Amino acid sequence: MADAGSKPKLWPQVLQKLGLTGPTDLVLHFPLRFEDESSVCSLASLSTEFGFWSEQASPSVQCQVEVLESQVVFKPRRMLKVRVKDDSGEAQLRFIYFNASMQAAMVKGARYRVIGVPRYSRLAGLEFIHPRLKKGWLSQEDLSQQPLRAVYPSTSGLTQDRLGQWIRKALDEHCPDEWLPGAYLKRLGLPSLPASIRALHAQTQPQASPFWNRIRLDEIVAQQLALRRARSSRHRASAPVLQDEKGLSQRLLQALPFKLTGAQHRAWLQVQTDLARPVATHRLVQGDVGSGKTVIAALAVAAAIGSGFQAAVMAPTEILAAQLHSKLSQWFEGFGLQLVFLKGGLSERDRRERLAGLADGTVSLAVGTHALIQESVQFARLGVSVVDEQHRFGVAQRIALREAGVHILGMSATPIPRSLAMTYLADLDVSVIDERPPGREPIRTRLIAQSRREELVEPLSRLREQGSQAYWVCPVIEGQQDNEKALAALEETEQWLRPVLGDELGVVHGRLKAAEKQAVMQAFARGDFTVLLATTVIEVGVDVPAARVMVVDHAERFGLAQLHQLRGRVGRGSGQSSCILLYQEPLSEAAKVRLRALYETDDGFELARRDLALRGPGELLGFRQSGEPELRFTDLERDEALVQSGVEIGAAIAEAFDDPKRLVKLGFEPQAVHRLLNRWHRLATDLLTSV
Ligand code: ADP
Ligand code: MG
């Protein structure tokens, strides 16, 4: 995308440091707060007004004072202390950064205006630390002429005065003109863009002010426009028409041990329709954990094979891939199909053999980890790629996938709040499975302090006789890999549970070899032992219907979405399931909010909405590290109505973008639309690669 427009040759380095790369950035660099220099407080009034001097933040004030004496002290550190007075009382000023000329200017009788936040110290009484100083006093009349002074977010090496000057200059020379037709503004009850920008630089405006809303609208429209432009430039590849002439999907439906739920049925219809078109499908099947997404994947696979094509099914971890493989093998038993399992670490011969089957077309279905999208993997006639738990794949892998020119079906348990669906994911096709398979009882969630975990031993030891099983999950603290600390925690728990559970305890963690991990998981799925102690390797997708208890150790260290996913590992069969969240006291505020949310609801959408509010869209979608730009002024949840309008306007402009005449007809000046994109150039388009 274009740069910030007319960036001067010698753009100050220090502005770069603030992320401001041109005058248009300065225009949108709004004040943190304002200081009022039009009125003066007496020192005595400060002492009484802020009555019992707590540490609470008081507002910035201005006083007109006269210097009584000043001195440089060296303890506890070097500083300049200045005693001042006015008619009503005295105060002390303290400066840690000062120079000789400043020190020299603090002579008895010198008059200053002091602007700053007063505080109280028991030794010195009323005190200002590093206030701003202005020489001389002002008359009542002059005072009333003083404008409010904006305080901008700044950085070291940049004074407010310098920054303020630059911003005022940018406002004079680069303040954008209104570009939205008056009818829109009228309908939305919004002031013009330049008026809004100036108002926000001039004085404090409440959150809900129309001035802020006008800026937000600008931002949303720009975001929508950028998003849609980038997506439309990525032309939709053609893909084979998959009509399933052999009727394999029908056959699978009949062979399944259950009937599709209404929601599954709807999703399948949508997928089926997509696959029968000559354009590459790009659909996300979204459904809460346990909602039954796998069968939709299987049906799509069947449709591809039934049309004489091959299919690939990918999962983010080997355990998940293995589980999918075994489920699909089971469902397709008797269909006379060749399936292969592909993963990293196969022997060279094994791998070559499996790849050969895919390349010559004798193998119809490949299930595996991302080993499947490596260059050496060639399919004879690939028709469909299914990506399970798609949000877990890295951006690079998702891009690699998209190049393929086949139908792509994603599966995700991360619910998409309405506001996100409307904005970031605007043109993605989504099928929602919003109904659980019948006979599932809601999962009971309990919060128990870590110190009381002994209470769990007895119920765990009785699970076997009830025909139930349990997971006990310990958090992995940094990154995705199990680290020493997590393993130590795991070991500690094992030492504690082993004497009670004996052989009924199995352990799995990331340091085990893949085959070992899988062996333990399979033994657990068979019911060979009762309690599976694990790090988060079991995080998503694992399906063991007899597992009815999920214990999460140190639940406060997990994110909301992760906890919800973990909880979804149980309650997959019939019977009452429970999720026990052990927490270490004291809990941080954020952890309390997360755990409370989990306790209060098991509605994945509601949890996703709260997660969005807590973490922002980038993280929720799993495509953003941190520090990259998101919407700065708009909050998707809070500003939903405005977002809706912005999305509509953005869509209309995107439609006409390449045709200036049409833009003009719609009431938009083409140049102004380009300037809009420039103005918001920091809304980088990398988010486009997300889904
Ligand atoms: P997820 O959406 O989390 O991937 P799965 O596809 O693993 O969920 O399904 C969870 C469990 O529910 C599986 O054991 C699956 O066989 C079962 N299941 C799926 N659909 C139905 C249905 N319509 N009726 C009964 N059980 C179902
Ligand atoms: Mg699944």
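For the structure itself, look to the data block above.
What you see is a predicted model, and the numbers here were worked out from it, not measured in a lab.

This part takes up the site of ligand 1. Surveying the vicinity of ligand 1 reveals 18 residues, the closest of which are G290, T294, R440, D543 and R572. The contact in question runs from an oxygen atom of ligand 1 to an N or O atom on the backbone of G292, over 3.0 Å. Contacts to ligand 1 include K327, whose side-chain N or O atom sits 3.2 Å from an oxygen atom. When ligand 1 sits alone it has 560 Å² of accessible area, and the protein chains cover 89% of it.

With that settled, consider a nonpolar patch on the surface. Where nonpolar side chains cluster on the molecular surface, the patch consists of V430, V432 and F605 and spans about 190 Å² of accessible area. Turning to its location among the elements, V432 is positioned in strand 16 (residues 429–433). V432 sits in the partly exposed class, given a relative accessible area of 33%.

Ranked by internal contacts, the top residues of the largest apolar core, which has 55 residues, are W179, I197, I653 and F668. Broken down by element, this core gets its largest block of residues, eight residues, from helix 9 (residues 210–233). Aside from chain neighbours lying at most four places away, what touches I653 is W179, V221, L225, L663, F668 and V673. By size, the runner-up hydrophobic cluster in this structure holds 42 residues, among which are V271, L328, F335 and L365.

Here the focus is the pairing of strand 20 (residues 531–534). Residue alternation in strand 20 divides its side chains into two sets, V531 and L533 and L532 and A534, and both sets are buried. As paired elements, strand 18 (residues 469–473) and strand 20 share four bridges and run parallel to each other. Across the sheet, residue V473 finds its bridge partner in strand 20, namely A534. With four bridges joining them, strand 19 (residues 505–508) and strand 20 adopt parallel strand pairing. By the bridge assignment for strand 20, G506 is matched with L532. Crossover strand 19 to strand 20 through helix 20 (residues 514–526) is right-handed.

Once that is clear, we can look at the sheet that holds strand 5 (residues 111–116). Across the sheet, seven strands lie side by side as 6-7-4-3-2-5-8; this open sheet has mixed pairing. Looking at strand neighbours, the two that pair on one side only are strand 6 (118–121) and strand 8 (132–135), the edges of this open sheet. Within this sheet the neighbouring strands show an average axis-to-axis angle of 40 degrees, counted without direction. In this sheet, strand 7 (residues 125–129) lies alongside strand 6 in antiparallel orientation, the contact comprising four bridges. Bridge pairing in strand 7 places Y120 opposite L126.

Using the criterion set out here, one finds eleven aromatic pairs in the structure. Seen from their ring centres, Y471 and F524 are 5.2 Å apart, and the 55 degrees between their planes marks the pair as tilted. Here Y471, found in strand 18, pairs with F524, found in helix 20; they are 53 residues apart in sequence, far enough to count as distant. Here Y471 falls in the buried class, since its relative accessible area comes to 0%. Overall, the relative accessible area of 0% leaves F524 in the buried class. Through successive ring pairs, a cluster of aromatic residues spans F30, W212, F633 and W680. In this structure, R251 packs its charged tip against the face of F335, placed 4.2 Å from the ring centre. The aromatic ring of F309 is capped on one face by R381, whose charged end is 4.3 Å from the ring centroid.

Definitions and limits used
- Every chain begins its residue count from 1, and numbering advances along the sequence as written.
- Note on labels: chains are lettered from A, ligands numbered from 1, in written order.
- Since the coordinates come from a predicted model, pLDDT governs what is reported: local features require at least 70, and pairs of side-chain atoms require 80 or more to be given and counted, while whole-chain, interface and lining totals use all residues.
- The side-chain figures draw on all heavy atoms in the structure; neither hydrogens nor water molecules are used.
- Proximity criterion: a residue is near a molecule or strand once any of its heavy atoms comes within 4 Å of it.
- As used in this structure description, the phrase polar contact means that two N or O atoms lie within 3.5 Å; if the pair is within protein, one of them must be able to donate a hydrogen and the other to accept it, and residues adjacent in sequence are counted only when both atoms belong to side chains.
- Each accessible area is a Shrake-Rupley estimate made with a 1.4 Å probe; only the visible protein chains count as cover when residues are assessed.
- Nonpolar side chains (Val, Leu, Ile, Met, Phe, Trp, Tyr) are joined into patches within 5 Å and like charges within 9 Å, using only residues with over 30% relative accessible area and no salt bridge.
- We define a salt bridge as a side-chain nitrogen of Lys or Arg found within 4 Å of a carboxyl oxygen belonging to Asp or Glu.
- Helix and strand definitions here come from DSSP, where helices need a minimum of 4 consecutive H or I residues and strands a minimum of 2 consecutive E residues; each element is numbered from the N-terminal end.
- When accessible area is computed with a 1.4 Å probe and restricted to protein chains, residues below 20% of their type maximum are described as buried, those above 50% as exposed, and intermediate ones as partly exposed.
- What we call a nonpolar core is a set of buried Ala, Val, Leu, Ile, Met, Phe, Trp, Tyr and Cys residues that are connected through their side-chain atoms within 4.5 Å.
- Throughout, a residue-residue contact means that at least one pair of heavy atoms, one from each residue, lies within 4.5 Å.
- For two strands to be treated as a pair, DSSP must find at least two bridges joining them.
- With the strands pointing away from the viewer, any crossover whose connection runs clockwise from the first strand over the helix to the second is right-handed.
- Every axis in this analysis is a line fitted to C-alpha atoms, fitted for helices over the stretch in contact. Angles between the N-to-C directions lie between 0 and 180 degrees.
- Here the aromatic set is Phe, Tyr and Trp, taking the six-membered ring for Trp, and pairing holds for ring centres within 6.5 Å; pairs whose planes are under 30 degrees apart are stacked, those over 60 apart are edge-to-face, and all others are tilted.
- Charges are assigned to positions over rings by a cutoff of 6 Å between ring centre and Lys NZ or Arg CZ, combined with an angular limit of 35 degrees from the ring normal.

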